Every structure is written in C-alpha cells, then in structure tokens.
Amino acid sequence: MRCPFCSAENTQVTDTRENEDGDIVRRRRRCLTCDKRFTTYERVDLKMPQVVKRNGSRADFSRDKLLGSLSLALRKRPVMAESVEAAVDRIEAKLLSLGEREVASELIGELVMRELKKLDKVAYIRFASVYRAFEDVDEFSEVIREVSPRPRGRPRSTS
C-alpha cells in the first residue's frame, strides 16, 4: 500500500479490525519512510450483471429501480419496509450467485413476481398484470386462481 503522504511503498499494518458484520476490514498503517499513520478499508467489490432488456439494449442493474418496482406494486399494502428490503436483497443475491455478466430483464421480472407472491398476493397480481401485459380477462383470472386458496372438501354434515 502506497503512503498517501509521501508516496513511499513501504508501509506496515499496525492494527486490523473487522466491522460488526464482518464485511469490512479496517487497517491502521504506518509509513516506514515518513512515519505518518493512515487508515485503509477493505471490502468486497461485487459487480452486478448488466440487464438485457426485451429490445436488446443493455442497462446497468439498479437496486433503486428494483426497489421502486416492488414499492409501486406494494403501494398501500400492509407490508413492512424491512420485508421489501429483504426481498430486494434476495433478488440481488440470486443474480450474483448466477455468476453471469448479463441477465435478461425477464429473469428479474420473474424473481420479482416470486418475491411479491410471498409478500402480498394483491401486489403480486398488480405486478403480474403489468409485467405480463394481459390481453384478456381469462389471463387475469388465471393469475388470481393461482394465488387463491384451494377449496377444501365439503363440510361434513353433523345430522
């Protein structure tokens, strides 16, 4: 590590500490040439894949855009913000785990629908109706049937 004061390459680590989450390492260093001290931080640098849209264009992945899409579908629904953040975290983790440089926007849409289905059925239907661009009522009804509870057997007669 080069010294920020004198640009010497001879520095020594005097102290190393991790943050509470264990994802950032703080190092205190001392320059062996000018004897000044400074701090460096080390963290993982993960690069999200590019998003390939339906028209073939590419865009940078945007956590804010993903969060906005989920929030719009969940508007006025009783879902806590922490749950939405956790859903976005799961989607990001899934995209990172693929190890791909590019992912289709359709895949992201399907991951969003999967998370919305777990969070709130109404939000899931809202998102699906826009995402899948329903052409008729039958397609809409199919999605509603998909999330409706299955009818159980007939109630037994006690007579």
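Computed from a prediction, not measured in an experiment: that's the story for all the values here.

Topic: the confidence of the model for the protein chain
Right, on to step 1. With 87% of its residues at a pLDDT of 70 or more, the protein chain shows a mean pLDDT of 86.
Right, on to step 2. Mean pLDDT across the secondary structure elements of the protein chain bottoms out at helix 5 (residues 137-147), with 70, and peaks at strand 5 (residues 58-59), with 96.

A short note on the sheet that holds strand 4 (residues 50-52)
Right, on to step 1. Pairing is mixed in the open sheet, where 3 strands are placed in the order 5-4-6. Edge strands, defined here as strands with exactly one partner in the open sheet, are strand 5 and strand 6 (102-104).

Overview of the nonpolar core
Right, on to step 1. Ile108, Val112 and Leu116 are the most contacted members of the largest nonpolar core, which totals 22 residues.
Right, on to step 2. When residues of this core are traced back to their parent elements, those giving at least two are helix 1 (63-73), helix 2 (81-98), helix 3 (105-119) and helix 4 (121-131).
Right, on to step 3. The greatest single-element share of this core, amounting to 6 residues, is contributed by helix 4.
Right, on to step 4. When residues no more than four places from it in sequence are discounted, the contact partners of isoleucine 108 are Val51, Phe61, Leu66, Leu95 and Val103.

Topic: the sheet that holds strand 2 (residues 24-31)
Right, on to step 1. The 3 strands are arranged 1-2-3 in an open sheet whose pairing can be described as antiparallel. Each of the sheet's edge strands pairs with one partner strand only, and the pair in question is strand 1 (11-18) and strand 3 (37-43). Taken over all neighbouring pairs, the strand axes of this sheet differ in orientation by 25° on average, direction set aside.
Right, on to step 2. Where strand 1 meets strand 2, 7 bridges bridge the pair, whose relative direction is antiparallel.

Looking at unusual backbone geometry
Right, on to step 1. For aspartate 35, which is not glycine, the phi dihedral falls at a positive 65°.
Right, on to step 2. Here aspartate 35 lies in the loop between strand 2 and strand 3.
Right, on to step 3. Aspartate 35 sits in the partly exposed class, given a relative accessible area of 47%.
Right, on to step 4. For lysine 76, which is not a glycine, the phi torsion comes out positive at approximately 60°.
Right, on to step 5. Within the fold, lysine 76 resides in the loop between helix 1 and helix 2.

Describing helix 4
Right, on to step 1. Residues of helix 4 that are buried include every one of Ala123, Tyr124, Ile125, Phe127, Ala128 and Tyr131, and no others.
Right, on to step 2. Regarding helix 4, its N-cap is aspartate 120, as a side-chain oxygen of that residue lies 3.2 Å from the backbone nitrogen of valine 122 further along.

Side note on the environment of valine 88
Right, on to step 1. Residue position: valine 88 is located in helix 2.
Right, on to step 2. Classification of valine 88 as buried rests on a relative accessible area of 0%.
Right, on to step 3. Separated by 24 residues in sequence, valine 88 and valine 112 have C-alpha atoms that sit 8.3 Å apart.
Right, on to step 4. Apart from the residues within four sequence positions on either side, valine 88 is in contact with Arg63, Leu66, Leu67 and Leu70.

What counts and how
Residues numbered from 1 in each chain as written. Predicted model: local features only at pLDDT ≥ 70, side-chain atom pairs only at ≥ 80, totals over all residues. Heavy atoms only, no water. pLDDT = per-residue confidence, 0-100. Helix = DSSP H or I, 4+ residues; strand = E, 2+ residues; numbered from the N terminus. Pairing = 2+ DSSP bridges. Core = buried A, V, L, I, M, F, W, Y, C linked by side-chain atoms within 4.5 Å. Buried < 20%, exposed > 50% of the residue type's maximum accessible area, 1.4 Å probe, protein only. Contact = heavy atoms within 4.5 Å. Axes fitted to C-alpha atoms, helices over the stretch in contact; angles between N-to-C directions. Polar contact = N/O pair within 3.5 Å; in protein donor to acceptor, adjacent residues only side chain to side chain.

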